[in-house]
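Structural characterization, general
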Amino acid sequence: MQIEIRTKKSEGVERLLEVSVAAESVAEAEEKTARGYAGKARLPGFRPGKAPAALVRKKFKDAIRQQTLESLLQEAYQEVVSREKLNVAATPHLHDVRYNEGKTLVFDLHVEVRPEITLARTEGFRVTRPSPTVTDDAVREQIEQLRDQRATWAPVTGKPAPGDMVTVLLATADDDGTLPQGKEYRLLLGGGQAIPGIEELIMRIAPGETAEDNVRWPDDFPDEAQRGKTKPVRVELQDVKRKVLPELDDALAREVGDFESLDALKTAVQGDLESHAVRESDAAVRQQIVDQIVQANAFDVPPSWVTQLVDGYMKAYQVPEDERERFTAEFGPVADRQVRRDLIIDTLAEREQLKATAAEVDDRVSEVAQKRNAEPGQVYASLQKAGRLQEIERAVTEDKVFKWLLERNTVE
């Protein structure tokens with residue numbers, strides 16, 4: 001294919017190229033497509049493949065044009081990638097396509113390329129390890145969470161209080177002031193499920209009673225049209241349930257897990273929190289090293305990679321599309337930091353030959369199996385079926401890379 005390439009922009013990892021496909025190559029592609037249609041075209045009065053070429057071109061003009069254009073663009077793109085030696089990082093974009101039959105095809109190609117990272121400096125950094133301490137208050141808080149998870153709900157005959165679960169028939173006045181029939185709601189008082197004015201109204205009455213009063217909507221209510229409005233509200237309280245926590249004793253310990261006593265449970269919780277604190281401390285050290293490497297070794301990252309990660313965050317947190325701009329402003333820097341971290345790990349793993357080996361992956365799977373009290377072969381098959389072996393491989397590689405880095409930098 002005869003093409004000409006003109007660079008319109010080359011900044012960082014972005015390339016904007018104007019590509020021109022010679023008229024001769026365009027004509028050849030058009031002829032090839034037309035012959036393909038002529039060989040299989042079915043037209044009234046002609047045997048398959050025997051219709052005159054001119055008639056076929058006229059009958060299938062739009063289809064031939066579209067197929068020709070698609071094949072030209074695809075072939076031209078492959079030629080540009082090969083000729084320019086582009087290490088493409090994401091799906092390219094084609095803009096301003098100018099195509100007329102038998103004439104030069106011209107289009108703009110916007111493509112992101114993988115950054116070339118050298119990491120000239122990876123040594124001589126100094127980082128601080130946070131102290132992984134676990135306080136008695138943290139242990140008590142964790143125990144209280146375990147109690148809360150095993151709490152029961154008991155009926156209450158008196159007026160409800162914050163923290164109670166209530167079932168109500170709630171009616172809010174229409175624009176004309178009419179109170180419709182109430183709708184049933186189950187609410188956790190103090191949980192932000194109802195506005196404060198409605199919760200106050202609920203807490204005035206006992207089960208079986210009804211209260212009606214004017215309630216003012218908060219100034220920060222999500223629906224701007226309702227902010228600051230005062231409306232008649234009627235509440236019929238059907239039932240109240242109050243959370244009852246189990247006793248903090250040996251019986252709770254046995255219910256939570258295989259613990260003989262409350263002291264044994266506290267010891268286990270203390271150990272889990274200490275292990276978590278150590279992992280958090282290790283993660284902080286790793287991130288400090290990565291941040292200093294980024295500062296010492298400037299490189300660009302493909303914007304589409306950051307966008308893709310933000311999209312993943314949005315999906316994980318179930319963020320609605322109309323919140324994209326706000327969410328991107330908040331999590332965009334987090335995504336950019338993660339992309340840079342991954343690139344540094346990949347670069348060092350490749351350069352220093354630190355990628356996880358099959359044997360190392362097998363050893364890590366055996367560790368997982370031991371913790372699960374399962375056979376390594378079964379765990380391996382399970383991870384493989386779930387597509388999670390790559391996660392194991394990545395974790396081993398990261399550990400090796402950061403071990404290599406920690407040997408060459410100072411941790412205080």
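Residues numbered from 1 in each chain as written. Predicted model: local features only at pLDDT ≥ 70, side-chain atom pairs only at ≥ 80, totals over all residues. Heavy atoms only, no water.

**Focus: the sheet that holds strand S1 (residues 3-11)**
Reading across from one edge, S1-S2-S4-S3 is the order of the 4 strands in this open sheet, with antiparallel pairing throughout. At either end of the open sheet lies a strand with only one pairing partner, and these are S1 and strand S3 (93-98). Averaged over all neighbouring strand pairs, the angle between strand axes comes to 15°, with direction disregarded. Note: S1 against strand S2 (residues 14-21), 8 bridges, orientation antiparallel. When the sheet's bridge partners are listed, Arg6 is paired in S2 with Glu18. (Pairing = 2+ DSSP bridges. Helix = DSSP H or I, 4+ residues; strand = E, 2+ residues; numbered from the N terminus. Axes fitted to C-alpha atoms, helices over the stretch in contact; angles between N-to-C directions.)

**A look at the pattern of salt bridges**
The full count for this structure, using the stated rule, is 34 salt bridges. Salt-bridge contacts for Arg204 lead to Asp213; the nearest nitrogen and oxygen are separated by 3.0 Å. One salt-bridge network, held together by shared partners, links Arg6, Lys8, Glu18, Asp96, Arg98 and Asp108. (Salt bridge = Lys/Arg side-chain N within 4 Å of Asp/Glu carboxyl O.)

**With respect to the nonpolar core**
In terms of nonpolar packing, the biggest core is built from 30 residues, with Ile293, Leu343, Ile344, Leu348, Val401 and Leu405 touching the most fellow members. Those elements that provide at least two residues to this core are helix H7 (262-296), helix H8 (303-316), helix H9 (324-351) and helix H12 (389-406). A per-element tally of this core places H9 first, with 9 residues. If we skip the residues at most four places from it in the chain, Leu343 touches Arg114, Pro115, Ile117, Phe299, Val301 and Trp305. In terms of nonpolar packing, the next biggest core, distinct from the first, is built from 21 residues, Ile3, Ala76, Leu105 and Phe107 among them. (Core = buried A, V, L, I, M, F, W, Y, C linked by side-chain atoms within 4.5 Å. Buried < 20%, exposed > 50% of the residue type's maximum accessible area, 1.4 Å probe, protein only. Contact = heavy atoms within 4.5 Å.)

**Description of the packing of helix H10 (residues 358-372) against helix H11 (residues 376-385)**
In helix packing, the relevant descriptors are the interaxial angle and the interaxial distance, both defined with respect to the helix axes. Remark: H10 packs on H11, axes separated minimally by 8 Å, with the N-to-C direction vectors making an angle of 110°. One way to sum up the angle between H10 and H11 is to call them roughly perpendicular. Across the interface between the two elements, Asp362, Val365, Ser366, Val368, Ala369 and Arg372 of H10 pack against Pro376, Val379, Tyr380 and Leu383 of H11. Residues that form the contact of H10 with H11 fall into these classes: 7 nonpolar, 1 polar and 2 charged. (Parallel < 35°, antiparallel > 145°, perpendicular 65-115°, else oblique. Nonpolar A, V, L, I, M, F, W, Y, C, P; charged D, E, K, R; others polar.)

**Quick notes on the packing of aromatic side chains**
Counted under the stated rule, the structure contains 5 aromatic pairs. When the centroid spacing of 5.8 Å and the interplanar angle of 50° are considered together, the rings of Tyr313 and Phe331 count as tilted. Note that Tyr313 is positioned in helix H8 and Phe331 in helix H9, a separation of 18 residues in sequence. Centre to centre, the rings of Tyr317 and Phe331 are 5.8 Å apart; their planes meet at 45°, and the pair counts as tilted. One end of the pair, Tyr317, is in the loop between H8 and H9; the other, Phe331, is in helix H9, with 14 residues separating them in the sequence. Among the aromatic residues, those joined into a ring-pair cluster are Tyr313, Tyr317, Phe327 and Phe331. (Phe/Tyr/Trp six-rings, centres within 6.5 Å; stacked < 30°, edge-to-face > 60°.)

**A few points about the environment of Leu86**
Inspection of the secondary structure puts Leu86 in the loop between helix H3 (61-84) and S3. The exposure class assigned to Leu86 is buried, which follows from its relative accessible area of 13%. With 25 residues separating them in the primary sequence, Leu86 and Val111 have C-alpha atoms 8.9 Å apart. Not counting chain neighbours up to four residues away, the residues in contact with Leu86 comprise Leu17, Val80, Val81, Val111 and Val113.

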